[in-house]
Amino acid sequence: MTVSYSGDVANASRFGIFIKILLRWRGSVYKLVFKELIAYSAMYMVVNIMYRLILVANSDDCDEALPSCIRWKKYRVVFETLRLYVNNNIRTIPLTFVLGFYVSLVLNRWWKQYKTLPWPDSFAIMLVGVFVVDNDDKGRILRRTMIRYVTLAYCIALRTVSFRLKKRFPTIEHLVHAGLMRQDEYEEFQRLDEKVVANKWFLPLVWCAKIIGEGVENGNLNAPSGSTVMNEVGKIRQGLTTILTYDWISIPLVYTQVVTLAVYFYFAGALFGSQWVAPTRDEDFAKMPAEKQTGRIDLFYPFFLTLQFAFFVGWLKVAETLINPFGEDDDDFELNRLLDRHLHVGFLIVDPSKEKPELLKDSYWDEQIPAEIPYTLASVKDRNTEFQGSAEITLNYDLRMYLTDKFYQDVGGPTQLRRRAKSRETIYESVRNLRFPKSRRLSQISHLFARKKRPQRFQRFRSRKNFMTAQPEHFPSAVLGQVDPRRRDSLDPTLLLVDPRRRDSLDPTLLLVDPRRRDSLDPTLLLADMEFLENYNIV
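Here the residue index of a chain counts from 1 through its sequence in written order. Only residues with pLDDT of at least 70 get local features here, since the model is predicted, and only at 80 or more are side-chain atom pairs given and counted; chain-wide, interface and lining totals rely on the full set of residues. Side-chain metrics rest on all non-hydrogen atoms present in the structure, leaving aside hydrogens and water.

**Student:** What should I look at first to understand the overall build of the chain in this one?
**Tutor:** Helix and strand assignments follow DSSP, with helices taken as H or I runs no shorter than four residues and strands as E runs no shorter than two, numbered in order from the N terminus. Scanning the chain from terminus to terminus reveals 19 helices and zero strands. With 539 residues in all, the chain has 37% of them scored as buried. In the structure as shown, the chain presents an accessible area of about 35000 Å², 58% of it carried by carbon and sulfur atoms. When accessible area is computed with a 1.4 Å probe and restricted to protein chains, residues below 20% of their type maximum are described as buried, those above 50% as exposed, and intermediate ones as partly exposed. Using a 1.4 Å probe, the Shrake-Rupley method yields the accessible areas, and only the shown protein chains count as cover for residues.

**Student:** Would you take a moment to explain the confidence of the model for the chain for this structure?
**Tutor:** Close inspection of predicted coordinates is inappropriate in any region flagged by low pLDDT. In this model, the chain carries a mean pLDDT of 75, and residues with pLDDT of at least 70 account for 69%. pLDDT: the predictor's confidence for each residue, scored from 0 to 100. Here a residue-residue contact requires only that any non-hydrogen atoms of the pair lie within 4.5 Å. Residue range residues 290-294 is modelled with pLDDT below 50. Its contacts to residues more than four positions away, or to other chains, number nine contacts.

**Student:** What is the right way to look at unusual backbone geometry in this model?
**Tutor:** Excluding glycine, residues mostly have negative phi values, and the peptide bonds linking residues are mostly trans. Of note, the phi angle at Gln-368 is positive, near 65°, even though the residue is not glycine. Following the sequence through the fold, Gln-368 ends up in the loop between helix 15 (335-350) and helix 16 (390-395).

**Student:** Explain the pattern of salt bridges to me, please; I cannot follow it from the model alone.
**Tutor:** Proximity of charged atoms lets side chains of opposite charge pair with each other. Counted as salt bridges are all cases of a side-chain nitrogen of Lys or Arg within 4 Å of a carboxyl oxygen of Asp or Glu. Across all of its chains, the model carries 17 salt bridges by this definition. The partner of Arg-140 in a salt bridge is Asp-351, with the nearest N and O atoms 3.3 Å apart. Pair noted here: Arg-140 is in helix 6 (residues 137-158) and Asp-351 is in the loop between helix 15 and helix 16, with a separation of 211 residues, a long-range link. The partner of Lys-167 in a salt bridge is Glu-328, with the nearest N and O atoms 2.6 Å apart. A residue pair is termed long-range when its members are at least 10 positions apart, and Lys-167 in helix 7 (residues 163-168) and Glu-328 in the loop between helix 14 (303-322) and helix 15 qualify at 161 residues. Residues participating in the shared-partner salt-bridge network are Arg-148, Arg-182, Asp-184 and Glu-185.

**Student:** Would you mind going over the packing of helix 2 (residues 29-60) against helix 12 (residues 253-273) with me for this structure?
**Tutor:** In helix packing, the relevant descriptors are the interaxial angle and the interaxial distance, both defined with respect to the helix axes. Throughout, an axis means a line fitted to C-alpha atoms (over the contacting stretch in the case of helices), and angles, computed between N-to-C directions, take values from 0 to 180 degrees. Contact geometry of helix 2 with helix 12 gives a least axis separation of 9 Å together with a crossing angle of 30°. In the crossing of helix 2 with helix 12, the sense of the turn from one axis to the other is right-handed. Of the residues in helix 12, those in contact with Tyr-40, Met-43, Tyr-44 and Val-47 of helix 2 are Phe-267, Ala-270, Leu-271 and Phe-272. Throughout this entry, Asp, Glu, Lys and Arg are counted as charged residues, while Ala, Val, Leu, Ile, Met, Phe, Trp, Tyr, Cys and Pro are counted as nonpolar. The remaining residues, Gly among them, count as polar. Per-class residue counts for the contact of helix 2 with helix 12 are eight nonpolar, no polar and no charged. Note on convention: near helix rotated counterclockwise from far helix by under a right angle means a left-handed crossing. Clockwise means right-handed.

**Student:** Could you clarify how one ought to interpret a nonpolar patch on the surface in this entry?
**Tutor:** Together, Val-46, Ile-49, Met-50, Leu-53, Ile-54, Phe-300, Tyr-301, Phe-303, Phe-304, Leu-307 and Phe-311 make up a nonpolar patch on the protein surface, roughly 1200 Å² of accessible area in all. Elements supplying a minimum of two residues to the nonpolar patch: helix 2 and helix 14. For Phe-311, the position within the fold is in helix 14. Assessed through its relative accessible area of 59%, Phe-311 is described here as exposed. Residues qualify for a patch when their relative accessible area is over 30% and they have no salt bridge, like charges being joined within 9 Å and the nonpolar side chains of Val, Leu, Ile, Met, Phe, Trp and Tyr within 5 Å.

**Student:** Is there a simple way to explain the packing of aromatic side chains in this structure?
**Tutor:** Centre-to-centre distance and the angle between the planes together describe a pair of aromatic rings. Classification of ring pairs rests on two measures: the distance between centres of Phe, Tyr or Trp rings, Trp counted by its six-membered ring, which must be within 6.5 Å, and the angle between planes, read as stacked under 30 degrees, edge-to-face over 60 and tilted in between. The full count for this structure, using the stated rule, is 21 aromatic pairs. Ring centres of Tyr-40 and Phe-309 lie 4.6 Å apart, and the angle between their planes is 15°; this geometry places the pair in the stacked category. With Tyr-40 in helix 2 and Phe-309 in helix 14, the pair connects residues that are 269 residues apart, well separated along the chain. Judged by centre distance (6.3 Å) and plane angle (50°), the ring pair of Tyr-266 and Phe-312 falls under tilted. Remark: Phe-312 occurs in helix 14 and Tyr-266 occurs in helix 12; sequence separation between them is 46 residues. Neither residue differs from the other here; Tyr-266 and Phe-312 are each classed as buried. Through a chain of ring-to-ring contacts, three or more aromatic side chains come together here, namely Tyr-40, Tyr-266, Phe-267, Phe-309 and Phe-312. Charge-over-ring placement is defined geometrically: NZ (Lys) or CZ (Arg) within 6 Å of the ring centre, and within 35 degrees of the ring normal. Its end group placed over the ring of Phe-347, Arg-144 keeps NZ or CZ at 4.1 Å from the ring centre. The ring of Tyr-375 has Arg-383 sitting right over it, with the charged end atom 5.5 Å from the ring centre.

See below:
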């Protein structure tokens, strides 16, 4: 099974938290690449020794007049030129690009296969909840048989793809010896082998579906509940089919070959391109890469090439390990343990001899809602308050700083929480949205008096706030008058306030009007004016 190290890296605040997992061997990169690394290092050293003990030794201390010396020098120049050519062109292989996409594809495929593995827990819980049978031997046999059929289908299907399950159950007959299948059921399999060559792993699910159908006919299950249980059986079949499909249809072979060849050819070229040579001629030394021109030093072992090999080949080994998670690698799925777990848990859930606890009052019955669940001494430091949003935490940190910012803008009045002047959440929305001329819009109602030059006595009420908060004695007597009730069909668009002397009554006929504008009255402004008064809380 996959090596778990989540507990070792739970507290990342500690120093060097990943150092502990670097020392593990099982499932590590060292275990995956150490054999290839030893072989590659040996081949590198063979080429290095041949260059040093044969080419350099025979070309340095020799008589240049001899033909053999000239020949060895020529071989040495050819080797150094070949090394320079390979070193310059090996960087053109897009190794990181190819490996990155391939490993990402394999990793996603590996995780999806694990999530597709069916678990019989939901099916067993449904049997207990909706399959009404007596708690006698017959009811117990029925439930345990259905769980055994689901587990049997799981085992027959996955033993075709899992090496570990195949070794545990080499044949169907081994399932009979293990107790997962009865002898009569095995004989039924053998009879069907003469008619159907395909793998019959789904046959136990068919038997399970027949039992569900008989339960609906006998009244042990109602039709909707039977449909729900059958859907769960269908999910188990779909999960097993998907697992088999992943095994039948692999990642395209050409993609795997491209990635493998890219890695192998890269490091095959590095056997020559990464050799540390010492040219005798200055012109050959000048052709070397800039990092090797710092001085005529001699490095025998390629340390950074070793790291490069471990990283890239280890990356490839990750894909090789996860491409088939049903093998015997350290990170492959342990289906033997999952099979045992499913059988034990399934029998435990459906066994009617396990009675449920008696219904009793809980520990917090008298409190209705518990004040706080107790903390141990080890966990009391982790106690925290209820989650709050970032804006709530930030703006409520010091409420006094924002005390004056909680009121609406440009609205007067003595109330603590003033209402907006342009509210769009009232029942008068239909009146406000009427298409009045520009001079009649309520949003610009204060500009009606500005169309003509106002008398000096109106200047104090120029702003909306001053006009609303003015006392009754501030209003000129010329505009304090009542509208004739018989003329309700003609109201003035300049009607603004209820008579301050009659604040105890919200009579729409008691309005302030301009006696000089009584010839232009509009009945559509009455309702809007009343809304205007309510929004400013002055009635």
